[in-house]
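Okay, here's what each chain looks like letter by letter:
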Amino acid sequence: QSRSANERHKEEHSIQQLKQIAYNHPDGSAEMISAWKKVLSVDKRNLEAHVTLGWALLTSSPHAEMGIQMLEASFDSARVTPTI
């Protein structure tokens, strides 16, 4: 099922806005983590979100396992698409 060019453009625009929010907040902050989670809700294969969110969660003890899983996924080309 193919997405239209307009849908892909809207998704990319949304991702760029969310990345701007994420990078304008301190690493590991609730706002930064929320923005990267939203990127993944738009594009579940976004490599940049997997890596950045994975590292942020890795340093947070209650979420460390999720961070490890996200970082592991970033090395699996079947699960992520290069974005960075």
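Residues numbered from 1 in each chain as written. Predicted model: local features only at pLDDT ≥ 70, side-chain atom pairs only at ≥ 80, totals over all residues. Heavy atoms only, no water.

**Q** Mind showing me how you'd approach the overall build of the protein chain here?
**A** When its secondary structure is counted, the protein chain shows four helices and zero strands. When the helices and strands of the protein chain are placed in sequence order, the string is α-α-α-α. Seen along its three principal axes, the alpha-carbon backbone of the protein chain occupies a region of about 40 × 30 × 20 Å. Looking at the protein chain as a whole, 33% of its 84 residues qualify as buried. Counted over contacts in the protein chain with a minimum sequence separation of 6, partners at least 24 positions apart contribute 38%. Total accessible area on the protein chain is roughly 5,600 Å²; 54% of this is exposed by carbon and sulfur atoms. The distance from the centre of the 9 positive side-chain charges to the centre of the 10 negative ones in the protein chain is 7 Å. (Helix = DSSP H or I, 4+ residues; strand = E, 2+ residues; numbered from the N terminus. Buried < 20%, exposed > 50% of the residue type's maximum accessible area, 1.4 Å probe, protein only. Contact = heavy atoms within 4.5 Å. Areas by Shrake-Rupley, 256 points an atom, 1.4 Å probe, with all protein chains shown as cover. Lys, Arg positive; Asp, Glu negative; His and termini not counted. Charge placed at Lys NZ, Arg CZ, Asp CG, Glu CD.)

Function cannot be read off these values alone, since they describe shape.
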